[in-house]
2 protein chains.
Amino acid sequence: MIRTPYLLFLGDAPDQLAAKVAQGIKDWRPENAVGQLRMPGCKADLGIADLSLQDARAKGAQTLVIGVANRGGVISDAWKVVLREALEAGFDLASGLHNLLMDEPDLKELAESLGRKLHDVRVPSVDYPIANGKKRSGKRVLAVGTDCSVGKMYTGLAVDAEMRKRGMKSTFRPTGQTGILITGGGVPLDAVVADFMAGAVEWLTPPNEDDHWDIIEGQGSLFHASYSGVTMALVHGGQPDALILSHEPTRPHMRGLPDYALPSLEDVRDVALRLAQVVNPDCKVVGASINTQHMTEEAAAAYCAEVEARLGLPTVDPFRHGAQRLVDALDAL
Amino acid sequence: MIRTPYLLFLGDAPDQLAAKVAQGIKDWRPENAVGQLRMPGCKADLGIADLSLQDARAKGAQTLVIGVANRGGVISDAWKVVLREALEAGFDLASGLHNLLMDEPDLKELAESLGRKLHDVRVPSVDYPIANGKKRSGKRVLAVGTDCSVGKMYTGLAVDAEMRKRGMKSTFRPTGQTGILITGGGVPLDAVVADFMAGAVEWLTPPNEDDHWDIIEGQGSLFHASYSGVTMALVHGGQPDALILSHEPTRPHMRGLPDYALPSLEDVRDVALRLAQVVNPDCKVVGASINTQHMTEEAAAAYCAEVEARLGLPTVDPFRHGAQRLVDALDAL
């Protein structure tokens, strides 16, 4: 686990979008975000306090999280100065960048000499077991998508937030680097060795109280030729009681696969449910989550209504409409 | 690729079964097996020439293959003496053991100083790409099982052998350590990082002549809670034109999962075909391969006949009945 709360490092972000990891932390776990640290020229702003390393430490910040994409695939010398100062000031560092902190000899040496931790959340840090398929107590929901990057993480976080608001017992279980940085822990599933994927998901979602919900972050798609194996491990390791279908209606083809059309929501429903029932015969599809960011308000409403009528499932864009109806459906299980 | 032909090291095998990797090489690629090397007390015998290291080198052997399981999970000092002598005599070493040759400092150092290779075939040695899902020329067949270890590798090797006998163009494509040692190359799929599994299978089965068959070794099962993600990557990365269903009728439960009954052949047929058609809409299920090793001749014949009538597919035990009818079905595609 990454120690919280965080100081969010925005570096010299060229625009707001470059800081989307930090934005996700601030949006979904504001209690984890003591403040932001921006370098000269930074064009991103989370609208939270600008704090020096020392001030953030005084307010309890434990970890400096790199909440921004880096340019050109290198950790720049200008960043390095700040990262070294942060280690000196008592921070651990956490990053989801492709270039690893632990591959920077100066940072590694300094962190070791000071007893600080470097968290590269793209890299598994646990020896996961082989999955055993045993039925676990507690409830689990998983979003399964027609494609990658259709809003599965957002859906999960929104469901989790709504459950917390209602006083339900809920834990968001991240399976990708952004989710891991948001909550401080999880499994970077796409980097786990094949034999241990489903076991990593079992490890991530252990037995729990009967009325507790694990909201497992979805990845990939059972219909995505590159990543379907990862999705399969989530379905079988996650042992979901409930599936939420996720879709982005304006996508012209599968992400990264120009020759592949997206499957229908019915395709995903049927295949995912059949596979989920291998490990949990009671699994149900409870709703659909539509990412309507590229649609007008009217088109979004019409699309959701059409899907709802077609599938007979509550259908919302949790960003526009909230996740209440999805949580109603889960709570009714 | 591992350099062939081999000298097969049987060590101090306590029984014939312990040498099953060597047996597989001798059975399926006898041209790769120049001879066997047995230590005092060895209880296994492949019925091929016992050769010294020097004699085997003189007959052209390039690699000493550890064709035997080791006891207690260690590479013993007695083995080490032979392995070091082999390196000195000009051999590369190849092993599918869990303990890696490269983790033995003395072997590693000696191999490096002599310019020999240590092949640990459980460990990927290639940076595999992300799968691109592009349609590849040539034909591919994959065995999909109701469970792990039901005879998928055997089925593939038997189909490959029958195709070669008929003069058809065929390549067996190993995805596990035994298959890799038998042919000298392949992908240890269960050890590949999740994101690259399907890409590794694409890499393993590149575009080929239109009338060439890749016989892709199956792994796991879409219905096995621990390993289904690996199987999924084979289905999507393999882009099969044909599926063969594999089953072992006396298995009381899924291997390693006492709470799970085996799926029916119909279940496997329907789910595997639906998923395969995502990447190859023309994919067909062409036959069933039944592992009847624990059944009498009569029971085996009756079982195959019953499955054949039920599924309307040629159904054989390739060990008892040969793979001719499976190859007939593939050739008719």
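Residues numbered from 1 in each chain as written. Chains lettered and ligands numbered in written order. Predicted model: local features only at pLDDT ≥ 70, side-chain atom pairs only at ≥ 80, totals over all residues. Heavy atoms only, no water.

Caption draft 1: Local environment of the overall build of chain A. What chain A contains, in helices and strands, is twelve helices and eleven strands. Overall, the C-alpha framework of chain A stretches about 55 × 45 × 45 Å when taken along its three principal axes. Across the 333 residues in chain A, those meeting the buried criterion constitute 59%. Positive and negative charge centroids in chain A, built from 34 and 43 side chains respectively, lie 3 Å apart. (Helix = DSSP H or I, 4+ residues; strand = E, 2+ residues; numbered from the N terminus. Buried < 20%, exposed > 50% of the residue type's maximum accessible area, 1.4 Å probe, protein only. Lys, Arg positive; Asp, Glu negative; His and termini not counted. Charge placed at Lys NZ, Arg CZ, Asp CG, Glu CD.)

Caption draft 2: Molecular detail of the sheet that holds strand β1 (residues 6-11) of chain A. Residues and elements named next belong to chain A. An order of β2-β1-β3-β4-β5 is seen for the five strands of this open sheet, with the pairing classed as parallel. On the outer flanks of this sheet lie β2 (33-38) and β5 (118-120), each paired with one strand and no other. Along the sheet, successive strands turn relative to each other by an average axial angle of 20°, direction set aside. In this structure, strand β4 (residues 92-95) lies alongside β5, joined through three bridges in parallel fashion. Bridging from a neighbouring strand, leucine 93 pairs with leucine 118 of β5. Packing against the sheet, helix α1 (residues 20-28) makes contact with β1, β2 and β3 (63-66), and its axis sits at approximately 150° to β1. (Pairing = 2+ DSSP bridges. Axes fitted to C-alpha atoms, helices over the stretch in contact; angles between N-to-C directions. Contact = heavy atoms within 4.5 Å.)

Caption draft 3: Representation of the sheet that holds strand β10 (residues 284-290) of chain B within the structure. All names here are of chain B. Strand order in the open sheet formed by six strands is β7-β8-β6-β9-β10-β11, and the pairing between neighbours is parallel. The open sheet is flanked by β7 (169-173) and β11 (315-316), the only strands paired with a single partner. The pairing of β7 with strand β8 (residues 212-216) spans five bridges and is classified as parallel. Paired with arginine 173 across the two strands is isoleucine 216, which belongs to β8. Of the strands in this sheet, β6 (139-145) and β8 are in contact with helix α8 (residues 228-238), which crosses β6 at around 160°.

Caption draft 4: Inspection of the interface of chain B and chain A at higher detail. Each side of the interface is counted separately: chain B has 36 residues, and chain A has 35 residues. Taken together, the connections running from chain B to chain A amount to two salt bridges. When the shortest N-O distance is used, the salt bridge between aspartate 267 of chain B and arginine 274 of chain A registers 3.3 Å. Linking chain B to chain A there are twelve residue pairs in polar contact (both at pLDDT 80 or more). Counting residues per element, the ones that place at least two in the side of chain B that touches chain A are α7 (197-204), α8 and α9 (265-279) of chain B. Its residues assigned to classes, the side of chain B that touches chain A shows 22 nonpolar, eight polar and six charged. (Salt bridge = Lys/Arg side-chain N within 4 Å of Asp/Glu carboxyl O. Polar contact = N/O pair within 3.5 Å; in protein donor to acceptor, adjacent residues only side chain to side chain. Nonpolar A, V, L, I, M, F, W, Y, C, P; charged D, E, K, R; others polar.)

Caption draft 5: Representation of the relation of the copies chain B and chain A within the structure. The transform that puts chain B on chain A rotates by 180° and translates by 0.0 Å along the axis, for an RMSD of 0.0 Å. Taken together, the rotation angle and the small translation identify this as a two-fold axis. Most of the interface of chain B is mirrored in chain A, where 97% of its interface residues are also at the interface. (Least-squares fit on C-alpha atoms with pLDDT ≥ 70 in both.)

Caption draft 6: Highlighting helix α3 (residues 77-88) of chain A. Residues and elements named next belong to chain A. With twelve residues, α3 extends 16 Å from end C-alpha to end C-alpha; this agrees with the ideal 16 Å at 1.5 Å per step. Taken together, the buried positions of α3 are Trp79, Lys80, Val82, Leu83, Ala86 and Leu87. Along the axis of α3, the buried positions cluster into a sector of 165°, meaning they face one direction only. Along α3, the residues that are exposed and aim more than 90 degrees away from the buried face are Asp77 and Glu88. Glycine 90 lies just past α3 and shows a positive phi near 110°. (Expected span 1.5 Å × (residues − 1). Arc of directions from axis to C-beta.)

Caption draft 7: Focus on the environment of alanine 276 of chain B. Mapped onto the elements, alanine 276 of chain B comes out in helix α9. Looking at alanine 276 of chain B, the relative accessible area reads 0%, which means it is buried.

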